[in-house]
6 protein chains.
Amino acid sequence: MARADGRSPDQLRPVTITRDWLAHAEGSVLVEFGGTKVLCAASVQDSVPRWRRGSGQGWITAEYAMLPRATNTRNDRESVRGKIGGRTHEISRLIGRSLRACVDYKALGENSIVIDCDVLQADGGTRTAAITGAYVALVDAVAWMRKRKMCGGDPLVDSVAAVSVGIVGSTALLDLCYTEDVAAETDMNVVMTGSGEFVEVQGTAEGKPFDRAALDVLLDLGAAGCAELTRLQRETLA
Amino acid sequence: MARADGRSPDQLRPVTITRDWLAHAEGSVLVEFGGTKVLCAASVQDSVPRWRRGSGQGWITAEYAMLPRATNTRNDRESVRGKIGGRTHEISRLIGRSLRACVDYKALGENSIVIDCDVLQADGGTRTAAITGAYVALVDAVAWMRKRKMCGGDPLVDSVAAVSVGIVGSTALLDLCYTEDVAAETDMNVVMTGSGEFVEVQGTAEGKPFDRAALDVLLDLGAAGCAELTRLQRETLA
Amino acid sequence: MARADGRSPDQLRPVTITRDWLAHAEGSVLVEFGGTKVLCAASVQDSVPRWRRGSGQGWITAEYAMLPRATNTRNDRESVRGKIGGRTHEISRLIGRSLRACVDYKALGENSIVIDCDVLQADGGTRTAAITGAYVALVDAVAWMRKRKMCGGDPLVDSVAAVSVGIVGSTALLDLCYTEDVAAETDMNVVMTGSGEFVEVQGTAEGKPFDRAALDVLLDLGAAGCAELTRLQRETLA
Amino acid sequence: MARADGRSPDQLRPVTITRDWLAHAEGSVLVEFGGTKVLCAASVQDSVPRWRRGSGQGWITAEYAMLPRATNTRNDRESVRGKIGGRTHEISRLIGRSLRACVDYKALGENSIVIDCDVLQADGGTRTAAITGAYVALVDAVAWMRKRKMCGGDPLVDSVAAVSVGIVGSTALLDLCYTEDVAAETDMNVVMTGSGEFVEVQGTAEGKPFDRAALDVLLDLGAAGCAELTRLQRETLA
Amino acid sequence: MARADGRSPDQLRPVTITRDWLAHAEGSVLVEFGGTKVLCAASVQDSVPRWRRGSGQGWITAEYAMLPRATNTRNDRESVRGKIGGRTHEISRLIGRSLRACVDYKALGENSIVIDCDVLQADGGTRTAAITGAYVALVDAVAWMRKRKMCGGDPLVDSVAAVSVGIVGSTALLDLCYTEDVAAETDMNVVMTGSGEFVEVQGTAEGKPFDRAALDVLLDLGAAGCAELTRLQRETLA
Amino acid sequence: MARADGRSPDQLRPVTITRDWLAHAEGSVLVEFGGTKVLCAASVQDSVPRWRRGSGQGWITAEYAMLPRATNTRNDRESVRGKIGGRTHEISRLIGRSLRACVDYKALGENSIVIDCDVLQADGGTRTAAITGAYVALVDAVAWMRKRKMCGGDPLVDSVAAVSVGIVGSTALLDLCYTEDVAAETDMNVVMTGSGEFVEVQGTAEGKPFDRAALDVLLDLGAAGCAELTRLQRETLA
């Protein structure tokens, strides 16, 4: 079964990570996974949420959103609707958890970093592109802090990257574009550290339930994809 | 390492599933996983959401919520705060997806079933208890419909059950209670069909990332737990 | 005119008050007036609202809500709609005022008790059942506080109970169930102290206005009902 | 005990009812009970709420609100806060119920009248002034409809007026101003028809509970006050 | 082209400014521009917004709103809809900016004045009437403060007034009423100080764009109207 | 007085208009005025708002928003706050009005175009950049419609562009960047058609009021700036 863009099943789309895309943010990245474009901005704040005060420890949080016309047809703005949808909430939480997995809160000191991931254009895999790009923006924000001696040591203990995998017509595919995502029977997002361990595994049977063998194939494919993305992050940051 | 309640690592808490707990709902269940008590009510509606109309197919959706004093300290009501939190959204969506995995929309006809899962008391595993109980309420609601000839065939193609697993102090544990959940380094929710396939796998590194071996152990443990819950569901429904 | 459940006009439905229904709350009661089931949870907080600080006095407040499927057809959640309806507000305020009538704020000290009354199943008289049950939960919460020496004396100066009365087809009835409530021309809620005085009287002509004679009959009937409920509260607490 | 403004205990404040205060509304009244000024506007709509359609019957509804500086210190606007408070909800519902008590829905036809009661200045008794003035605005709106042959007969079967009564320092007082209202131990709002029957009785123990004797005195006082207000309404409409 | 009310093109409608219309506010004015009636209430607060604290400077802010039946057909309340519309926001901001133009924040000290402008009846020019009346209410509130020695000097360095102008059928008209406003091709609001300088100029092509010559004519007309309103303000305050 | 970036007072910042920046939108432009970057997406919809149905005429509307980190310090998301701020509302309305000035609704047919203007990076003049870019996106969206024969003729009767002007330290400057904007005593936004007529003029005294001479200078400067932007739009579209 051929993929629409001619990729092999275990091949990523062209990935571009452009640093310093914004002038004001302490770290910023435009990350592209094929037609998916996410703008990641890391904002440093010299304070922490109320429940964290006095702990000597920092905090990382993330907000994900999509521009109304990132998609094929226009979506209403969540600000106009007056509430944030369930999908947005779910993805914001996933990104935040993923980034926190590579952070040493003590070394960060009582500072926060907020990562805004705004999808400018969507073609599948927006959450995994967001995590992969957000990590690079985070690195730049942390460097900015260290230059100003805001941290006592290196708050980054590992790196983090993410990719989607799925089964379409009984073939396991890496990094699904939108049309593949819609056709997938099973869809999984895999978030891994640079050292090859899992941070988050979310597999969902969209159509019919999947067995352990399929799960194993998807995990292998996801692990290989994350390793490749880790390599690209390192290249970008070199 | 002994568990607080004396269970072995691969043992479920006492599980009770009480059918017909409510007088008005077409299906209703009070499900208890140890100290966790969730009231599941299935409401039949002879209509479908707008985007589904004219398709000849039905729909299943779920809403999860917690009473303010289900937990150790009181939480503000989401109705008072005027918005639904991210965690609530995330769990409602998970329950809905899980139940839809065992439903044949065509056989359901253009009808909807809304499953309300209200946590009366929380002691860890509220979402997995909710899924496990909601399935039983769904069975009763479907029986109610079939008695009234609202369906053309059996809309239930399988059953669904869920359990949490996690690693606490390097031991893999089944069905974590609240104090275990808080102490877990890795936490996973496993949703499976009665025929032993996966519907949803969500593993999260709460503390440090986990490797493939740990993931495999947790999947085995979760699969065994779901099989036992499936047996209990059948017993209750017999 | 016979009542559907065979009661005499001045007879209460079977009333059950189950204490300690919840594990976490400082006081909790499941109160049942026939098919009406309300879960009342009293939460102790060692602080008071801002406007009360420094006064040396405590505060009692209440929140009333209904589960979506407490009723015959499903109601949308107020958390999903994003706002609290007028009826909910009105009843929450009534319960709060009623309970405050039996409390000595000074003896309570600068502590608050929040009473959550969640209707699990509705069959008329939910607000009067809530008040009657909430009082018992309040007693248990106050006992919990006194054991911890949080109060300087007994903050409870009396007890409080409530019942609905109404005129259906020219007969005055005590403790209306849902079908009677719908048929009532006049509907009244009576809240009284254990010492037989009025805390709140709310009479409403649903259909046609009522004269003073009817009002007098309803007040007599309500007073008798409250006296009987007071007796049941004492029995439960004994 | 002398009243601040020299009134006898059973005396109303000076009451003014000015018709046609607004140019656009089908009926409009500025009603003043002493320093309390409420602008009542009745808007005719040739439609009914969805649940009423096809019934051949009309509907009356009311909305109560207060300008931010109607009171001694400024209150935040409910539109700015983004939600309507419990007190506003409660009073809006009371006004609506009270007016509906004198309306024949069938004669009204499938039309609605919305009565807006906006408190321009508050000095106690805003809800009772609102009901008393709203009735007069309603009469004018109905006359407007009948001139246009929108009704099949007279939709007004009676009149309605309201007054507050209360016990201050053991004296029963009619039509409490703000300082008396604050000092009252018991506070009651009485809504009556022009023919002398009760539409709504709401008595609340603000401080200490009250006995049946006190209740009887307050009901007598309220009935006399409503009779006087009915006389003033008739005079205004003559 | 004759105007509906017989005015000449450069003539204001009858303007009335009634001071002390409300009992509680520190300054209050009912301002009428023909059929447009706006109630302006100035509330003094001995505090400033958070971002202003410690600056030794005061703040002036304004809120504009319309009663539901101020207009020809009833509008839903913004408090009921749960959000403030764009037009309301825009006008509130304009009024606030306009009033701030004549205030010396230092002389005001760390105090705020909130000006509520509530439109009781609308017939065009509600925002300009609001500004013109609000200034007079502000003067009275400042006098109230100075009597209490809350200010160190006179915080009012000038006066401010506003008027609408527009082109209807190629004639430039001053102070448009509602029917003229609807028919206008170009509509402009001019806010000027008593010393004849511009505070705000907002010209909008409602129908077809306008050239510089038209703009010049409108500015002249607006300047003359503001001068006349300034004279009326002085007369009122004398 | 030298400008920070060496521009002469009547010189625009470097302006770039990149068409087709997004893959999905019918028209899309990334417009840059120096450091200000706004992404404009035009979405075609084959329907009109309810109040417009059956008129045979189309509609154009706009929504303006800013990404949280478009500015020097991070702003909270309006979707998270649950409401749209006054400034956002005001600018969205301005953009919509400006674009509607060059559209023939009849030729557009019963279709709508929604223009989303999202500020990716802000350095002053975001609303004028948005209008200037949105017009180009609108042209592309209209071309897309005409190719599909959705319009009966050319709906664009003119072009529209906008620029800010202001007085900083007594010098009139064109196209203010953020630091100039903050320092400006008077600030004006001028929206003009390609044929040199005014669509909107909004001048505000930020510090001290301005006289007619200053207003005239600013209008001249704004007109020249808009003419230059019109030339750039034409070049881009050629």
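Keep in mind the model is a prediction, meaning the values are calculated, not measured. (Residues numbered from 1 in each chain as written. Chains lettered and ligands numbered in written order. Predicted model: local features only at pLDDT ≥ 70, side-chain atom pairs only at ≥ 80, totals over all residues. Heavy atoms only, no water.)

**Q** Describe the relation of the copies chain D and chain E, naming the residues involved and giving the relevant values.
**A** Turning chain D through 180° and shifting it by 0.0 Å along the axis lays it on chain E, with an RMSD of 0.0 Å. Such a combination of rotation and displacement between the chain copies is what one expects of a two-fold axis. No C-alpha of chain D lies nearer the rotation axis than that of Ser79 of chain D, which sits 1.8 Å from it. Mapped onto chain E, 100% of the interface residues of chain D again fall at the interface, so both copies present the same surface. (Least-squares fit on C-alpha atoms with pLDDT ≥ 70 in both. Contact = heavy atoms within 4.5 Å.)

**Q** Break down the UniProt feature "domain: Exoribonuclease phosphorolytic" (unreviewed entry) in chain A for me, with residues and values.
**A** Mapped onto the present numbering, the UniProt feature "domain: Exoribonuclease phosphorolytic" (unreviewed entry) falls at residues 11-141 and 159-223 of chain A. Taken end to end, residues 11-141 of chain A comprises 30% helix and 31% strand; its first and last C-alpha atoms sit 30 Å apart. (UniProt positions renumbered as here; feature names shortened; annotations may be inferred. Helix = DSSP H or I, 4+ residues; strand = E, 2+ residues; numbered from the N terminus.)

**Q** Give a detailed account of the packing of helix 4 (residues 126-147) of chain E against helix 6 (residues 212-237) of chain E, specifying residues and quantitative values.
**A** Residues and elements named next belong to chain E. The N-to-C vectors of helix 4 and helix 6 enclose an angle of 30°; their axes lie 11 Å apart at closest approach. The interaxial crossing formed by helix 4 with helix 6 has right-handed handedness. For the pair formed by helix 4 and helix 6, the contact residues are Thr132, Tyr135, Val136, Val139 and Asp140 on the first element and Leu229, Gln233, Thr236 and Leu237 on the second. Within the contact of helix 4 with helix 6, the residues separate by chemical class into five nonpolar, three polar and one charged. (Axes fitted to C-alpha atoms, helices over the stretch in contact; angles between N-to-C directions. Left-handed = near helix turned anticlockwise from the far one by under 90°. Nonpolar A, V, L, I, M, F, W, Y, C, P; charged D, E, K, R; others polar.)

**Q** Describe the interface of chain D and chain E, and please don't skip the residues or the numbers.
**A** Counting residues at the interface gives 34 residues for chain D, matched by 34 residues for chain E. The contact between chain D and chain E buries some 2900 Å² in all, and 52% of this surface belongs to carbon and sulfur atoms. Ranking the residues of chain D by area buried against chain E places His24, Arg69 and Arg74 of chain D at the top, with a combined share of 25%. Scanning the region where chain D abuts chain E turns up 12 salt bridges. Across the pair Asp116 of chain E and Arg74 of chain D runs a salt bridge, and its minimum N-O distance is 2.6 Å. The interface formed by chain D and chain E holds 20 residue pairs in polar contact (both at pLDDT 80 or more) in total. (Buried area = accessible area lost by both parts, 1.4 Å probe. Salt bridge = Lys/Arg side-chain N within 4 Å of Asp/Glu carboxyl O. Polar contact = N/O pair within 3.5 Å; in protein donor to acceptor, adjacent residues only side chain to side chain.)

**Q** Give a description of the UniProt feature "binding site: phosphate" (unreviewed entry) in chain A that names residues and reports values.
**A** Per the UniProt record, "binding site: phosphate" (unreviewed entry) is annotated on Arg87, Gly125, Thr126 and Arg127 of chain A. Taking the farthest pair of C-alpha atoms as the criterion, the annotated set spanning 41 residues converges on one region, since that pair is 13.5 Å apart. Inspection of the secondary structure assignment puts Arg87 of chain A in helix 2 (residues 86-100). Setting aside its immediate chain neighbours within four residues, Arg87 of chain A contacts Tyr64, Met66, Thr126 and Arg127 of chain A together with Arg93 of chain B. You can see Thr126 of chain A is positioned in helix 4 (residues 126-147). Owing to a relative accessible area of 5%, Thr126 of chain A belongs among the buried residues under this scheme. Thr126 of chain A has contacts with Thr36, Val38, Tyr64, Met66, Arg87 and Val119 of chain A, leaving out every residue within four places of it along the chain. Here Tyr64 of chain A takes part through its side chain, which lies 2.6 Å from a polar atom of the side chain of Thr126 of chain A. (Buried < 20%, exposed > 50% of the residue type's maximum accessible area, 1.4 Å probe, protein only.)

**Q** Describe in detail the packing of aromatic side chains, supporting the description with residues and values.
**A** Note on aromatic pairs: each is described by the distance of the centres and the angle between the planes. Taken as a whole, this structure holds 21 aromatic pairs over all chains when the rule is applied. Ring geometry for Trp51 of chain D and Trp59 of chain D: centres 4.8 Å apart, planes at 85°, overall edge-to-face. When its relative accessible area of 56% is taken as the criterion, Trp51 of chain D is described as exposed. Look at Trp59 of chain D and you get buried, because its relative accessible area is 17%. The structure contains a cluster of three or more aromatic residues connected by ring pairs, namely Trp51, Trp59 and Tyr105 of chain A. Here the guanidinium or amino end of Lys37 of chain A rests over the ring plane of Trp21 of chain F, the centre of that ring lying 4.7 Å away. (Phe/Tyr/Trp six-rings, centres within 6.5 Å; stacked < 30°, edge-to-face > 60°. Lys NZ or Arg CZ within 6 Å of the ring centre and 35° of its normal.)

**Q** Could you give an account of the interface of chain B and chain C, naming the residues involved and the relevant values?
**A** Every contact between the two is made by 34 residues of chain B and, on the other side, 35 residues of chain C. At the boundary of chain B with chain C, total buried surface from both sides reaches about 2900 Å², with 52% on carbon and sulfur atoms. When the buried surface of chain B facing chain C is broken down by residue, His24, Arg69 and Arg74 of chain B rank first, second and third, together holding 25% of it. Along the contact surface separating chain B from chain C lie 12 salt bridges. Where Arg74 of chain B meets Glu63 of chain C, a salt bridge forms, and the shortest distance between an N and an O atom there is 3.1 Å. Here chain B and chain C share 20 residue pairs in polar contact (both at pLDDT 80 or more) between them. Mapped onto the side of chain B that touches chain C, the elements with two or more residues apiece are strand 3 (36-45), strand 4 (59-66), helix 1 (78-81) and strand 5 (112-121) of chain B. Residues belonging to the side of chain B that touches chain C are distributed by class as follows: 17 nonpolar, eight polar and nine charged.

**Q** An account of unusual backbone geometry is requested, with residue identities and associated values reported.
**A** Residue and element names in this part refer to chain E. Phi at Asp175 is positive, roughly 55°, even though this residue is not glycine. Along the chain, Asp175 falls in the loop between strand 7 (171-174) and helix 5 (178-183). For Asp175, a relative accessible area of 0% translates into the label buried.

**Q** Go over the sheet that holds strand 4 (residues 59-66) of chain C with me, naming the residues and quoting the values.
**A** All names here are of chain C. Pairing in this open sheet of five strands is mixed, and the strands run 1-2-3-5-4 from one edge to the other. Strand pairing shows two members of the sheet lacking a second neighbour, strand 1 (15-19) and strand 4, which therefore form its edges. Within this sheet the neighbouring strands show an average axis-to-axis angle of 15°, counted without direction. Note: strand 4 against strand 5 (residues 112-121), eight bridges, orientation parallel. Each residue of the ladder has a partner; that of Ala62, found in strand 5, is Ile115. (Pairing = 2+ DSSP bridges.)

**Q** I'd like to hear about the pattern of salt bridges, residue by residue, with values.
**A** This model, assessed by the stated rule, comprises 134 salt bridges over all chains. For Glu228 of chain A, the salt bridge goes to Arg231 of chain A, with nearest N and O atoms at 2.9 Å. Of this pair, Glu228 of chain A and Arg231 of chain A both sit in helix 6 (residues 212-237), separated by three residues, roughly a single helical turn. Of the residues examined, Glu228 of chain A reaches a relative accessible area of 32% and is grouped as partly exposed. Taking the shortest distance from any N to any O, the salt bridge between Arg212 of chain E and Asp220 of chain F comes out at 2.8 Å.

**Q** Give a description of the relation of the copies chain B and chain C that names residues and reports values.
**A** Of the two same-sequence chains, chain B is brought onto chain C (RMSD 0.0 Å, axial shift 0.0 Å) by a rotation of 180°. A shared interface surface links the copies, since 100% of the contact residues of chain B are contact residues in chain C too.

**Q** Mind laying out the packing of helix 2 of chain A against helix 4 of chain A, listing which residues take part and the relevant values?
**A** Each packed pair of helices is defined by two parameters, the angle between the axes and the distance between the axes. All names here are of chain A. At a minimum axis separation of 10 Å, helix 2 and helix 4 run at an interaxial angle of 40°. It follows from the interaxial angle that helix 2 and helix 4 lie oblique. Our pair here, helix 2 against helix 4, has a crossing hand that is right-handed. Where helix 2 approaches helix 4, its residues Arg87, Glu90, Ile91, Leu94, Ile95, Ser98 and Leu99 are matched on the opposing element by Thr126, Arg127, Ala130, Ile131, Ala134, Tyr135 and Leu138. Its residues assigned to classes, the contact of helix 2 with helix 4 comprises nine nonpolar, two polar and three charged. (Parallel < 35°, antiparallel > 145°, perpendicular 65-115°, else oblique.)

**Q** Give a detailed account of the layout of surface pockets, specifying residues and quantitative values.
**A** What the second largest pocket holds in volume is close to 280 Å³. Around the second largest pocket, the lining is made up of 15 residues, and of these Trp59, Arg100 and Tyr105 of chain E together with Ala205 and Glu206 of chain F lie nearest the centre. If you list the elements that add at least two residues to the lining of the second largest pocket, you get helix 2 (86-100) of chain E together with strand 9 (198-205) of chain F. For the lining of the second largest pocket, the per-class residue count stands at eight nonpolar, two polar and five charged. (1 Å grid on protein atoms, 1.4 Å probe; cavity = no way out; pocket = protein on both sides within 12 Å on 5 of 7 lines; lining within 4 Å. Points joined across faces, edges and corners; volume = space filled by probe spheres on them.)

**Q** Run through the sheet that holds strand 5 (residues 112-121) of chain A, naming residues and quoting values.
**A** Residues and elements named next belong to chain A. An order of 1-2-3-5-4 is seen for the five strands of this open sheet, with the pairing classed as mixed. Because the sheet does not close on itself, it has two edges, and the strands there are strand 1 (15-19) and strand 4 (59-66). On average, adjacent strands in this sheet sit at an angle of 15° to one another, irrespective of strand direction. Across the sheet, helix 2 lies against strand 4 and strand 5, angled at about 145° from strand 4, the strand it touches most.

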